[in-house]
Every structure is written in C-alpha cells, then in structure tokens.
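This is what each chain is made of:
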2 protein chains.
Amino acid sequence: MTAPEPADMLWWGWGTEAGHAPLSEELRALVEQVLGMTRRDTPAVGLDTMRVPPVALGAAALAALTAAVGPAHVLTEPQARLLHSGGKSTTDLLRRRAGEAASVPDAVILPGGHEEVLAVLEACTAHAVAVIPFGGGTSVVGGVEPRRDGLSGCIALDLRRLDRLLEVDGESLIAIFEAGVRAPRAEALLAAHGLTLGHQPQSFEHTSLGGFAATRSAGQASAGYGRFDELVEGLVVATPIGAIELGRAPASAAGPDLRQLFLGSEGTLGVITRLRLRVRPLPAVRVFEGWSLPDFSAGVAALRRLAQTDGALPTVLRLSDPAETAITAAIAGEPTPAGCLAITGYEGEAVAVTARRLAAAAVLSGAGATPLGPGAGDSWQRTRYQGPYLRDALLGIGVLVETLETATSWSGLERLHATLGAVLSEALTAGGTPGLVLCHVSHVYATGASLYFTVVATQAADPLTQWATVKRAAGAAVAAAGATITHHHGVGLDHRDWMAQEIGELGVEILRAVKARLDPTGILNPGKLIPPRSGLPSADG
Amino acid sequence: MTAPEPADMLWWGWGTEAGHAPLSEELRALVEQVLGMTRRDTPAVGLDTMRVPPVALGAAALAALTAAVGPAHVLTEPQARLLHSGGKSTTDLLRRRAGEAASVPDAVILPGGHEEVLAVLEACTAHAVAVIPFGGGTSVVGGVEPRRDGLSGCIALDLRRLDRLLEVDGESLIAIFEAGVRAPRAEALLAAHGLTLGHQPQSFEHTSLGGFAATRSAGQASAGYGRFDELVEGLVVATPIGAIELGRAPASAAGPDLRQLFLGSEGTLGVITRLRLRVRPLPAVRVFEGWSLPDFSAGVAALRRLAQTDGALPTVLRLSDPAETAITAAIAGEPTPAGCLAITGYEGEAVAVTARRLAAAAVLSGAGATPLGPGAGDSWQRTRYQGPYLRDALLGIGVLVETLETATSWSGLERLHATLGAVLSEALTAGGTPGLVLCHVSHVYATGASLYFTVVATQAADPLTQWATVKRAAGAAVAAAGATITHHHGVGLDHRDWMAQEIGELGVEILRAVKARLDPTGILNPGKLIPPRSGLPSADG
C-alpha cells in the first residue's frame, strides 16, 4: 500500500479548506448576542503575504543535512518553512491570522527512516542546529514552535516519510509502526488486518503515532482503549548519541520503565522513530447514547460509579456541565435542555457490548440519569472532530476561543470544576471581556477524571495578552488545587514554567540530567518541556 | 492501631519457625526416588555459630547516624546485622545454611519517618557509607545484599518503623501509606475501611509496600488487580540531595512519567518513603476453580483467549505445564492427572463475578478445558504461600531448588517454554545432576504472559556453582529469545549484568546519569541494578 503524501494543514487554521464552512447566520447572531459584541470580521492574512527571514544555516550544515537525507528532502522554500513554524494553539492561530510568525525554521528535513534520523541528529549536533521533531503539527501548547536558544540555526524534522506498518502479530495483538504514520492511515492499514488502535483524540485526522507517544495523548475512547502511553509496548528512539530500543515483554521488572521517560518527552530527549503498539480486533458493534443528568454533581457521581464498578465502564464516557450542555444544544439549534448531557459509547463484540451497556445503564439509572437514546450519541460522534474548525470560524468574527484541561481525583473534581470555572470567569471579566466558560469530563479512571474547559469571549484589542492573563490565573489555580497542569495537551512552551510545581525541582533536575547525557549539545526541541535553570524564560535565537 | 513489630525472618530460611514442618516421609521418598539420590541430611548451621566482622563505621559516622534516628534505632549487635545480611534466594540460603554470610552490614538503622530517612542519607553521604534499603528482606536476586563497593562502611536501612496508613480517600479509592508497612498489615488496615490492595505475591506474608514498588512486584491476582506499579498513583522518595514527590492526578501529560523511574529502581536512586495507592472495595465474593487442559499448547491458547476477550479475564489465572501438573498432584498425594492444570479465581461483587465466571467458562470450554470444580482451586489458594517453606525443607535433604521467570508475547510463549525448559534440563544434566524442570504461566496480559520455572535437582558438591551455571545458560536463552530477563523478581545482583542486553547500553547510561545526579557519592545500594561501566563486576568492600 503506497502512502498518499499527507496534506499540510492550513497556514492560518485547522485542517483543510474542505473542512471549513462559514458560520450559519443563526449561530453567529447567537454568539454575538451572548457575548454582547458588535459585528466585525477578523479575517486571516494570507500565507503569500508573509515575509520569511533568510535561511540562517551555513553551507556546511546544509551539506551535512543533504548528505543525511538527500537533496529532495531538504526543503528551504518559504512555504514549507512557514507551514512548520508552529502548532495550532489559539495563540499560534491569532498570531498567524495577524500575519506574524513567531519563528520560522531554516529548513524542513524529511528523513526516510530511523537511520536517516540518526544521521540528521549527528549533523545537527556537529553544526549546533536546533531540531524540532514534527509529526502532524497539531500541538496546542507550543510544542513544535521553532526555537534556536543560542544555536546557529533550526530545522523542522518532519517524520512523514516514516510511514510504514512494519509488522503485525495478530496472535499477540501487536503492530509495529514507523512513528511518522498518521493516525487515519494507521487505522486504514490495521483495518486490513481486522485490527484497530482505537485511539481517536479530537486531533485524530492530522496527528502522527509518534506525536501521540511523545505527548502522552489520550483519545476520546480512553475509557475503553486506554491512553496512548498504555498502548506502547515498545519503542525505538534516535538520540544525538545513538539509538535506544525499549520494551521486550508485555511487562517487566527489569528496573525502571525507561519507555515512560520517552513517552511525554516531546522531542527533547530523542526522536521516536518506531512504535510497538497494542492493537485490538475491530469492534463488531459501535453504539453511542445520550443520557441526561439532573446536575453536574449527579453526573460526576454517576461517572465515578461507572469507573469504579467492574464491567460497567463504557468505551467512551463524557459529561458536559450545564453551561456546555446548553451551548451544545444551541449550536445544534435545539431548545435548551435541563441538567447535564452525558455521552456513553460501547465498542466491541456484540455480546460484550450488550453486557457492558446493561451494566452501565443500571448504574446510570441508579444515579438518576434519564436515557436520551442514540440521537445525542450519534450527534456527538458525527461532530467529534469539528471543534477546531468551529474555533477558526469564531476567531474570524472577533471571538476568542481556547481550551485548557487538567485532571484530579474524584474527591477533588467538583471543587476543582467550581474553582477553576470561577477563576476563568473572573479573569475574563477582570480583563474587560466577560465570557462563557464551558466544561466537560472526558477521561475517567477508577481514582479520578479529567476536566476540559472551553473559554469563549470577545477578543480584546490584544487577544494574546488577554488569553495569557487568563491562562496564568488558571495555571495557578490548578497548581494550588494539587491537580495536574495538563491531562493530555502536553507541556511544550505553555506549561513549561509550571513543571517545577508539577514534578518538583528535583524532578526537573532528573530531566536535565537525562537530557545532558543524551543531547549534550542541546539541539533537541530547545526551550520545550524542561524549564531553564535560571527559572527565567530562555532566550530565543 | 498500634503496629506489632514485624518479626525478622529466619536466618537460614523463609518465614518463621511456626511455618515450617518436616517433609512427610512419603514426599521425601518420592523426591529421592525421582532424583535418584541417596538419603542424606544437609541441616543449616545456627545463627549463634556465625562469626561477624567488627563494625567498620567510624565514631563520626555512628554519631551522625545516631543523631539522625536516635540511639535506640542504631543496631550494631551481631544478630541484627546478620539478619540483614541479604535476601532469600537459594544462593543466599545455601550460603547461610553452610555458615557463610556473603557480607554483613555494619549497622541496622531504623528511621522513624521520611525526614529521618533524609537525615540518614545526608549522614551517609557525608561519611561515604553505603545504604541498603531494607523492607521485608525477601529479595531473591541479591537486591538487599550488603555491599560497600569502595565506601567506608555499609548500613541496612530497615524501614519497618514507617508503618502508618496516613490517609484513606474512599471516594477516590486511594490510600496513602508509609513505605515500610508490611503487606499483611496494609491489608488489615484497609480492611477496616472495607478496602483492599489485592496485591498478593508468594512473598506476601513478609514483604513491605515500599519493596513492592521498588521492585515492580506482580501479585498472584495481577490479572484482576494489576501489577503493583499500576497501583501507584503517587510516591515520595528521599534521595541524598533531597526529597521528590511525584503523581498529582490519575493521569497526566506533564512530561515523562518519573514515577516509573523510581518504580523498579531497587533502592539505587532513592528510598521510597510514602506511597499513594489505588485500592478497591473488599470483594464480596471469592471463587477459585480448577480446569484441566489437554496439553500446554491448548492451555496457552485458552489463557490468551481469556486475556484478549472483553469481560472474560479472571482475577487469578494460572496454567501449569504437564511436569508441574504432575508434581503438584504428587505432592498432594493424588494420582497423576493427564494434561495441564489451570487455576481460575474471581473476586468482586457477586453479579460481576458471576458474569465474568460465565464468560471465562465459555472461553475455557471452547478451548477444550474440562472443569475440575472448586477443589483444585481451593487447594492452590490454601497452599499459595507455602512454596518457599517447601524449598527450605528440600534444601535440608540435599536437594537444589530454585526458580526463575520471564515474560514474552503470546506468539513467542510456547517456543520460549520449550527452549528454556530444554536449556535448563541440559544445563542440569551437563553438570551431572539431571533434574526436574517445572513451569507455569501466572501473569497474563492482552499481548503476552509470564513463564515461571522451578528447577529441582540433587545438590552437587558445590551447589552455588551448580546453580550459577544453570542460571547463566537460562539468561542467555532468555536474551536470545528477546524476552525479559525478569518479569517480577527484579534485577538486584543476579540480573544486573544482563541489563545492557535488556535496555541497551544507552538505557544503562540513562540510569547512570540519573544516579549520578541524585546520588553523587554512590551510597545507594551499590552494585545493584546498574552494571558498572567497565562491564566487569564491581569490587566489593
């Protein structure tokens, strides 16, 4: 099976042109009314208007890179460089829409395999060139922002040519992939074997498997299929000082689990080139349903019971708070429902799905939930990847939209929902743009769950500062509550300076020690994940 | 609840005197007949006959230790030192039975809490004294063997006074323990709250929670309750340069999961002082059953189906190969059964247990298994902790008994069983003592399973060399098969020199880099887990 070259995402927004449609007049009017804003358009500047700085790489560095991957795979034209100039956070998009690129790599390098990645790292170490590993480019935390941090230049290491399914072990339910395979292609390749990964985050259509691993991605069906880190049986990593292969068995007591050091390392410790992944049979049955809960508290109690009851946990489980429930209905043009909407999904063999669905229904009914039937579930499933497109549309009419997420234990979840919701509202209002704060629970565990907030407000004159202020207040509230700064978006630049709070100063020192050993020149994704020793933001080149 | 001081285990063997009974004449005669040996007794030398070297610690070091924990908690008398002179591998026991202690710590230090552990580490760093963290002392891989490796002295850091249950969060199903709590006491403390850890390895009666964490323990009910590393939501670690606390949420994408660096670190990177653990409701129902499979291949296929079928995996699942099946029956005085014995156990709420049991029975019957009823299951459950006592009895009649274990994917499991079984048999025979090689599968995962071998032979004139030769051949076969050198016994000294094979030279370099940062003087459990850079065994002091 030949890989179709994956399309780059739009410069100014999410996905492809084909995925975009203008906002309906009804929705636009509703948003403007709710936010109390006057109509205006804030269109994006075109890619062709962008000025790109000259390539800073010297001839020797370019020659070494060309020797590593071949001349056809060293791209220095402005468009390729601009399309690798960062990720897809609202901050990224606001900048780009305004015609500003935070930073542009000097070249985009397309290695053809693990050995070529090693060769590129060797060349970049020799010439002190920063390397930004680039999968689907979907980071919403600044994880793929090109930074030099004192080095002579910077490349985006785009892994799209590492696109092969190398091996399928149907007996052990294991598949070995190259890390650049995009998620939809991975599913298509596995489907031919009757298998699936079952990993479908909202970014599914554009992400790579290596990116999932490097950021500890969590898919929308994490309750049933597990987080991506739980699917990684083994991995191969290219580092500036050589390759490392980890994971020889389904479980081991042979010392610390070093796979867990590279999962979540966001390209700062090495480049994941190969993944040995747990797969499952393609589900025979997929059912999605909606439930109505009287209030958020009852909803959280119901989710907790589902997560803690043997055999009752659905494959997909989500709960929107009253505000998100109301807005979801409004967007769909439906009347405002009471209480909270929950979505349950079940995937698997028919008999097992039926058993699980009955067990879950019993728990939900016992918790005061009312079944809404498959309509609400199908509606969620149909629109599950559309959130980022809607964000672009709203950014284009002067609205600020951004999300943040965290996780904590069940006993702290309602309090954190209330506290963080209030902090976000107050921060918006204090900035002069009172707005909407919506939230859902989308990943549940026996001991706790995630909270995913969406903030919607009128864009201020300086929307970057507007959001940065709100985000800082939220981060402080998360840290004070003892929750995690990120359940699944990752660290990148945006959460880096909370890392000492999250894992302690000594935890950060451990990451520095490992990085110093594997990447002595500091070429790998500089400035991300690991806060600089001074505690001050590191300087960008 | 006041903690009863946990009893030290016997000097020469497992557990307590009360747990020991002489071999029945029938069993002894059977063993002698099967191995073709003439009757002889190989009794253990008493603790009182042991000569103990003088305490090598200087006055300043002793004063610093005394300042850290108080004079009552610095033990230098010979008996306490001897009782902390190593673990419980067959090699350890053969040595001790012969009146030889491999090495004896200069003192046993009993800190009263996390802060005192930090103070001890500071004192030992200042005075260059090796620290051997000591929980239950059940290591079978040399993990608690006192070694100096060039340092001025050596202490056993016995954590038995860190014995408190600090917090129970029944809503989140989380309990916070100090790390020295012994497993039976942890279960008793949790039972008062209607909760359980469900972690019951064969060493259960004598192990500590910190030991479980530091060695990535797997309990006999791992299929239902998970491995111990999966139960650790958070941990606090004391290191020579300070404390580190990790784990703020049920799941996180805030960079690498550094908990996984300390889980399995075997006291080489820090001393785990506190654990935040996932707990579960005490099961309302416990059912154990036996099944007969026509042969090992059918048994493995059945276990694989159980592990890969939604809702069909028992809480406990084990499969003995034909040799172990036959010997188990012989020990119980039963006629030799055909085929292979499997044990299934189910724990939980009545309805869920029934559902799971029916689903498993359908899979087992479909795989050609015949139900044996609860008798075989109850018999296994009754004798589940008796293996180590039987080993002592056999060591006392001139028999060598030792175990080793590994894990691999389902597609490689039968081949590894055959290969490794043959290698063990051939190595025994080549050494002049043909013997029995028994095996069971006791931990299953969706992608693979463990193999646990027991070797029984007549003791050679030098049984230490006899076993070392066999073990070396087995290690080479495991590595050649791409399996893990240890599924749950850990690394310690015995597997240390296979670590570069297991995680690569770069993996070992990562461990060295982390250790150099956290333990710059190298006081923490020297010589264990991390192979010395030369590739040669490190010198012992």
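Note that the structure is predicted; figures quoted are calculated from it, not measured.

A.B. asks: I tried to follow the overall build of chain A on my own but got confused; where do I start?
C.D. replies: What chain A contains, in helices and strands, is 18 helices and 18 strands. On C-alpha atoms alone, chain A measures out to a radius of gyration of 23 Å, which is about the 24 Å that the 2.2 N^0.38 rule sets for 541 residues. The principal-axis extents of the C-alpha atoms in chain A amount to approximately 70 × 60 × 45 Å. Buried residues in chain A amount to 62% of all 541 residues. Counted over contacts in chain A with a minimum sequence separation of 6, partners at least 24 positions apart contribute 76%. Separation between the mean location of the 42 positive side-chain charges and that of the 53 negative ones in chain A comes to 2 Å.

A.B. asks: Got a minute to help me understand the sheet that holds strand 12 (residues 285–293) of chain B in this structure?
C.D. replies: Two pairing modes exist for strands in a sheet, parallel and antiparallel, and in both the strands are linked by backbone hydrogen bonds. All names here are of chain B. Taken in spatial order, the seven strands of this open sheet run 15-12-14-13-17-18-16, and their pairing is antiparallel. Two strands close off the open sheet at either side, each with one partner strand: strand 15 (370–373) and strand 16 (399–409). Neighbouring strand axes in the sheet, compared pairwise and without regard to direction, differ in orientation by 25 degrees on average. Here strand 16 pairs with strand 18 (residues 448–458) via eleven bridges, running antiparallel. Note that in strand 18 the partner of Glu402 across the bridge is Val455. The strands that helix 11 (residues 296–308) touches are strand 12, strand 13 (316–320), strand 14 (340–348), strand 17 (436–441) and strand 18; relative to strand 13, the one it contacts most, it runs at about 165 degrees.

A.B. asks: Would you take a moment to explain helix 2 (residues 59–69) of chain A for this structure?
C.D. replies: For an α-helix the count is 3.6 residues per turn, leaving residues at separations of three or four pointing the same way. Residue and element names in this part refer to chain A. Within helix 2 the residues assigned to the buried category are Ala61, Leu65, Ala68 and Val69. Down the axis of helix 2, the buried set is contained in an arc of 75 degrees. They therefore lie on one face. Counted as exposed and oriented over 90 degrees from the buried face of helix 2: Ala59 and Ala67. The inward-facing, buried residues of helix 2 abut strand 1 (74–75), strand 2 (107–109), helix 5 (114–127), strand 3 (129–134) and strand 4 (153–158).

A.B. asks: What exactly am I supposed to notice about the relation of the copies chain A and chain B here?
C.D. replies: Relating one copy of the chain to the other requires a rotation about an axis plus a shift along that axis. When chain A is fitted to chain B, the best match, at an RMSD of 0.0 Å, comes from turning it 180 degrees and sliding it 0.0 Å along the axis. Taken together, the rotation and translation relating the two chain copies correspond to the operation of a two-fold axis. Taken as a fraction of all interface residues of chain A, those also at the interface in chain B reach 100%, which identifies the copy contact as same-surface.

A.B. asks: I would appreciate a short explanation of helix 5 (residues 114–127) of chain B in the present structure.
C.D. replies: Residues and elements named next belong to chain B. Taking 1.5 Å per residue as the helical rise, helix 5 with its 14 residues ought to reach 20 Å, and the 20 Å between its terminal C-alpha atoms agrees with that figure. Those residues of helix 5 that fall on the buried side of the exposure criterion are His114, Val117, Leu118, Val120, Leu121, Ala123 and Cys124. Phi turns positive, to about 55 degrees, at Ala128, one or two residues after helix 5.

A.B. asks: Explanation requested: the interface of chain A and chain B in the structure shown.
C.D. replies: Interface size is commonly expressed as the accessible surface area that is lost when the partners come together. Listed per partner, the contact involves 77 residues of chain A and 77 residues of chain B. Buried surface at the junction of chain A and chain B, summed over both partners, amounts to about 5800 Å²; 61% is from carbon and sulfur atoms. Of the charged contacts, one joins Arg248 of chain B and Glu502 of chain A as a salt bridge, the two residues approaching to 4.0 Å between their closest N and O atoms. Connecting chain A to chain B are 36 residue pairs in polar contact (both at pLDDT 80 or more). By residue number, the principal contributor to the side of chain A that touches chain B is helix 18 (residues 499–518) of chain A, which donates 13 residues. Class assignment of the residues belonging to the side of chain A that touches chain B gives a composition of 36 nonpolar, 24 polar and 17 charged.

A.B. asks: What should I look at first to understand unusual backbone geometry in this one?
C.D. replies: Where the residue is not glycine, phi is negative for most of them; where a peptide bond is considered, it is trans in most cases. Of note, the phi angle at Glu266 of chain A is positive, near 50 degrees, even though the residue is not glycine. A relative accessible area of 7% means that Glu266 of chain A is categorised as buried. At Asn525 of chain B, a residue that is not glycine, the phi angle is positive and equals roughly 40 degrees. Position of Asn525 of chain B among the secondary structure elements: in the segment after helix 18 (499–518). Look at Asn525 of chain B and you get buried, because its relative accessible area is 2%.

A.B. asks: Would you mind going over the sheet that holds strand 6 (residues 174–178) of chain B with me for this structure?
C.D. replies: Residues and elements named next belong to chain B. Read across the sheet, five strands follow the order 5-6-10-8-9 without closing on themselves; strand pairing throughout is antiparallel. Every interior strand has two partners, whereas the edge strands, strand 5 (165–169) and strand 9 (242–246), have only one. In this sheet, adjacent strand axes meet at a mean angle of 10 degrees when their direction is disregarded. Both strand 8 (residues 232–239) and strand 10 (residues 271–278) contribute to a ladder of six bridges, which runs antiparallel.

A.B. asks: Can you help me understand the packing of helix 11 (residues 296–308) of chain A against helix 13 (residues 350–366) of chain A in this one?
C.D. replies: All names here are of chain A. Running from N to C, helix 11 and helix 13 point in directions that differ by 145 degrees, and their axes come no closer than 9 Å. Between helix 11 and helix 13 lies a crossing whose hand is right-handed. Contacts between helix 11 and helix 13 involve Ala302, Arg305 and Leu306 from the former and Ala360, Val363 and Leu364 from the latter. Class assignment of the residues belonging to the contact of helix 11 with helix 13 gives a composition of five nonpolar, no polar and one charged.

A.B. asks: I'm lost on the pattern of salt bridges in this one. Help?
C.D. replies: Between side chains of opposite charge, pairing is possible as soon as their charged atoms come close. One pass over the full model with this rule turns up 51 salt bridges over all chains. Between Arg517 of chain A and Glu509 of chain B there is a salt bridge; the shortest N-O distance is 2.7 Å. Note that Arg517 of chain A is positioned in helix 18 and Glu509 of chain B in helix 18, a pairing that runs across two chains. Notably, a salt bridge pairs Glu178 of chain B with Arg164 of chain B, separated by 3.1 Å at the nearest N-O pair.

A.B. asks: Sorry, what's going on with the environment of Pro371 of chain B here?
C.D. replies: Residues and elements named next belong to chain B. Tracing the sequence through the fold places Pro371 in strand 15. Measuring from C-alpha to C-alpha, the distance between Pro371 and Ala18 comes to 35 Å, with 353 residues separating the pair along the chain. Pro371 has contacts with Gly290 and Trp291, leaving out every residue within four places of it along the chain.

A.B. asks: So what exactly am I meant to see when it comes to the packing of aromatic side chains here?
C.D. replies: How two aromatic rings sit relative to each other is set out by the distance from centre to centre and by the angle between their planes. Summed over all chains, the structure comprises six aromatic pairs over all chains. Their ring planes at 45 degrees and their centres at 5.7 Å tell us that Phe288 of chain A and Trp380 of chain A sit as a pair that is tilted. Taken together, the residues Phe288 of chain A in strand 12 (residues 285–293) and Trp380 of chain A in helix 14 (residues 374–382) connect sequence positions 92 residues apart. Trp380 of chain A shares its class with Phe288 of chain A; the two are buried. With centroids separated by 5.2 Å and ring planes inclined at 50 degrees, the aromatic side chains of Phe212 of chain B and Phe228 of chain B adopt a geometry described as tilted. Residue Phe212 of chain B is found in helix 7 (residues 209–215), and its partner Phe228 of chain B is found in helix 9 (residues 228–231); the two are separated by 16 residues along the sequence. With a relative accessible area of 0%, Phe228 of chain B lands in the buried category. Above the ring of Trp11 of chain A, the side-chain terminus of Arg96 of chain A is found at 5.4 Å from the ring centroid.

A.B. asks: Which parts of the structure should I look at to understand the nonpolar core?
C.D. replies: For soluble globular proteins, nonpolar side chains are generally found buried alongside one another. Counting residues in each nonpolar core, the largest one holds 194 residues, and the members touching the most others are Leu209 and Phe262 of chain A together with Leu209 and Phe262 of chain B. The contacts of Leu209 of chain B, once residues within four sequence positions are left out, are Phe177, Glu178, Ala179, Val181, Ala183, Ala186, Leu197, Phe228, Leu275 and Leu277 of chain B.

A.B. asks: Could you clarify how one ought to interpret the packing of helix 4 (residues 90–97) of chain A against helix 17 (residues 463–480) of chain A in this entry?
C.D. replies: For any two helices packed against each other, one specifies the inter-axial angle together with the distance between the axes. Residues and elements named next belong to chain A. At a closest axis distance of 10 Å, the pairing of helix 4 and helix 17 adopts a crossing angle of 170 degrees. It follows from the interaxial angle that helix 4 and helix 17 lie roughly antiparallel. Mapping the contact onto sequence places Thr91, Leu94 and Arg95 in helix 4 and Pro463, Leu464 and Trp467 in helix 17. When the residues that make up the contact of helix 4 with helix 17 are grouped by side-chain class, the tally is four nonpolar, one polar and one charged.

A.B. asks: Before we go on, may I ask you to explain the confidence of the model for chain A in this structure?
C.D. replies: Any residue range with low pLDDT should be treated as having predicted coordinates unsuitable for detailed reading. Scored by pLDDT, chain A has a mean of 95; 98% of the residues are at 70 or more. Counting contacts from residues 536–541 of chain A, a segment whose pLDDT is below 50, to residues more than four positions away or on other chains yields 17 contacts.

A.B. asks: It is not clear to me how the side chain of Asp229 of chain B should be interpreted in this structure. Could you clarify?
C.D. replies: All names here are of chain B. Note on placement: Asp229 falls in helix 9. Here Arg216 takes part through its side chain, which lies 2.8 Å from a polar atom of the side chain of Asp229. Excluding anything up to four places from it in sequence, Asp229 contacts Arg216, Ser217 and Leu263.

Criteria and cut-off values
Residues numbered from 1 in each chain as written. Chains lettered and ligands numbered in written order. Predicted model: local features only at pLDDT ≥ 70, side-chain atom pairs only at ≥ 80, totals over all residues. Heavy atoms only, no water. Helix = DSSP H or I, 4+ residues; strand = E, 2+ residues; numbered from the N terminus. Rg over C-alpha atoms; globule rule 2.2 N^0.38 Å. Buried < 20%, exposed > 50% of the residue type's maximum accessible area, 1.4 Å probe, protein only. Contact = heavy atoms within 4.5 Å. Lys, Arg positive; Asp, Glu negative; His and termini not counted. Charge placed at Lys NZ, Arg CZ, Asp CG, Glu CD. Pairing = 2+ DSSP bridges. Axes fitted to C-alpha atoms, helices over the stretch in contact; angles between N-to-C directions. Arc of directions from axis to C-beta. Least-squares fit on C-alpha atoms with pLDDT ≥ 70 in both. Expected span 1.5 Å × (residues − 1). Buried area = accessible area lost by both parts, 1.4 Å probe. Salt bridge = Lys/Arg side-chain N within 4 Å of Asp/Glu carboxyl O. Polar contact = N/O pair within 3.5 Å; in protein donor to acceptor, adjacent residues only side chain to side chain. Nonpolar A, V, L, I, M, F, W, Y, C, P; charged D, E, K, R; others polar. Left-handed = near helix turned anticlockwise from the far one by under 90°. Phe/Tyr/Trp six-rings, centres within 6.5 Å; stacked < 30°, edge-to-face > 60°. Lys NZ or Arg CZ within 6 Å of the ring centre and 35° of its normal. Core = buried A, V, L, I, M, F, W, Y, C linked by side-chain atoms within 4.5 Å. Parallel < 35°, antiparallel > 145°, perpendicular 65-115°, else oblique. pLDDT = per-residue confidence, 0-100.

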